[in-house]
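# Results of the structural survey
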Amino acid sequence: SISAANEIIDPDDDGEITVSPTSTTTYIAEVTYTLCDGSSLVETDNTTVTISGNKTWNGSVSTDWNNANNWTPVGVPVPSNCITIPITANDPIMSGTTDGVGYNLAIENGALLTQQPNASLTIEDAITIESTGDLEVGDSASIIQITDVNTNKNDGSARVQRKVGGVNYLDYVYWSSPVDVFDVENISPGTPNFAIYDWTPSMANGTAGEHGTWVNTTEDMVQGKGYIVRGLIGTTITETAEFQGTLNN
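Source: prediction; values computed, not measured. (Residues numbered from 1 in each chain as written. Predicted model: local features only at pLDDT ≥ 70, side-chain atom pairs only at ≥ 80, totals over all residues. Heavy atoms only, no water.)

## Observations regarding the overall build of the protein
When helices and strands are counted, the protein shows zero helices and 20 strands. For the protein, the proportion of its 249 residues judged to be buried stands at 33%. Within the protein, residue pairs in contact and separated by at least 24 positions form 48% of the contacts whose partners lie at least 6 positions apart. Element-wise, carbon and sulfur atoms account for 49% of the exposed surface of the protein, whose accessible area totals about 14100 Å². (Helix = DSSP H or I, 4+ residues; strand = E, 2+ residues; numbered from the N terminus. Buried < 20%, exposed > 50% of the residue type's maximum accessible area, 1.4 Å probe, protein only. Contact = heavy atoms within 4.5 Å. Areas by Shrake-Rupley, 256 points an atom, 1.4 Å probe, with all protein chains shown as cover.)

Structure below.
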C-alpha cells in the first residue's frame, strides 16, 4: 500500500511525473480503472531510480585523495562523480603526482582541500566553497574546468599560490589573476603603487607606427588581462604570491 504522506499526484494530469531523489528510491505507479459494471481495477508498476554519481570524502584511512577507502561509496572519483568534501578528521590532500577528476565539486563548511605543488584537478562543471570551507592550490598546481559555467561560488576561501624565485626589488614579473575581484596591489604588498602597470593597447607609446603602452594602475585585476609588478615584497610566504577569491572559470 502507499501512504498518503508519500503519495505524488500528477500535477498536470498528463500521465507524467518528474522526480529528483537524492538517494536510490523505488517508486510505485498506480492506475485505477472504473469498469462498466461499477467495479474498479487497480494496476501497479514499480520503477527504481538509482543514484550512483556521488562521491563523499570520509577520510577514514588517511589524507590521501587516491586511497579508495577514503571515499563513500568506496572508490576514487571519476569524471561523472559529484564530489562533496565535508569536515572530517583527515582533510583530503592531493599529492604532486595526482590528476584528480570529477563532475562538480563542493567544499562544505569547516573542510579543507589541499592541492600540493604540481597536482591537477579537472572539474567538468561548477565549484562551490561554503563560507568556512577552504581550497588551497599550491604553486604549479592547476584547476581545469571544462564547461564554461558562470556558477562558481565561494563564500569561503579559494587560495591560489604562485612562486617566483630569484626576483629582486627592481625586477618586474608578469601576472594575471586566477580569481575574481583581486586587488593587483595585493600580489606584492611591499611594492610601491607607482611600480605596478597594465598594458593599454589603445594608447600610443610615442613610436611611429606602434600603439599601446604600459600604464600605471591600482585596480581589481580584470579576468584575462596582464599586469607587471616590480619585485615580490611583503608576501606572507617567501617568494610566493597568493590570490584569494572566487575562482575564474
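## Points about the packing of aromatic side chains
The final tally for this structure, using the stated rule, is seven aromatic pairs. Where Trp 57 meets Trp 71, the ring centres are 5.1 Å apart and the plane angle is 80 degrees; that geometry is what we call edge-to-face. One end of the pair, Trp 57, is in strand E3 (residues 54–57); the other, Trp 71, is in strand E4 (residues 71–72), with 14 residues separating them in the sequence. Per residue, the accessibility class of Trp 57 equals that of Trp 71, and both read buried. Plain terms: the ring middles of Phe 182 and Phe 243 are 4.9 Å apart, the flat faces sit at 50 degrees to each other, and that makes the pair tilted. Of this pair, Phe 182 sits in the loop between strand E16 (172–175) and strand E17 (196–204) while Phe 243 sits in strand E20 (residues 240–244), placing them 61 residues apart in sequence. Of the two residues, Phe 182 and Phe 243, neither departs from the other in class, the shared state being buried. Here a set of aromatic residues connected by ring pairs shows up, and it is made of Trp 57, Trp 65 and Trp 71. (Phe/Tyr/Trp six-rings, centres within 6.5 Å; stacked < 30°, edge-to-face > 60°.)

## Brief notes about the sheet that holds strand E6 (residues 93–94)
The five strands are arranged E6-E9-E12-E15-E20 in an open sheet whose pairing can be described as mixed. Each having just a single partner strand, E6 and E20 make up the two edges of the open sheet. Relative to strand E12 (residues 134–137), strand E9 (residues 112–115) runs parallel, the two being bridged by four bridges. Counterpart to Thr 114 in the pairing with E12 is Glu 136. (Pairing = 2+ DSSP bridges.)

## Structural notes on the side chain of Asp 134
Mapped onto the secondary structure, Asp 134 falls in strand E12. A relative accessible area of 18% means that Asp 134 is categorised as buried. Within the local environment of Asp 134, its side chain forms a polar contact with the side chain of Ser 157, the two groups lying 3.4 Å apart. Contact partners of Asp 134, with chain neighbours within four places excluded, come to Ile 107, Ala 111, Leu 112, Leu 113, Ile 129, Ser 157 and Arg 159. (Polar contact = N/O pair within 3.5 Å; in protein donor to acceptor, adjacent residues only side chain to side chain.)

## Some remarks on a negative patch on the surface
On the surface, Asp 12, Asp 13, Asp 14 and Glu 16 cluster together into a negatively charged patch. Residue placement: Glu 16 occurs in the segment before strand E1 (25–34). Residue Glu 16 is classed as exposed on the basis of its relative accessible area, which comes to 61%. (Patch = residues over 30% accessible without salt bridge, like charges linked within 9 Å, V, L, I, M, F, W, Y side chains within 5 Å. Salt bridge = Lys/Arg side-chain N within 4 Å of Asp/Glu carboxyl O. Lys, Arg positive; Asp, Glu negative; His and termini not counted. Charge placed at Lys NZ, Arg CZ, Asp CG, Glu CD.)

## Some details on the sheet that holds strand E8 (residues 104–107)
The strand order across the open sheet built from six strands is E4-E3-E5-E8-E11-E14, with neighbouring strands paired in mixed fashion. Each having just a single partner strand, E4 and strand E14 (153–154) make up the two edges of the open sheet. Of the pairings in the sheet, the one linking E3 to E4 comprises two bridges and is antiparallel in character. Residue pairing across strands places Trp 57 opposite Trp 71, the latter belonging to E4.

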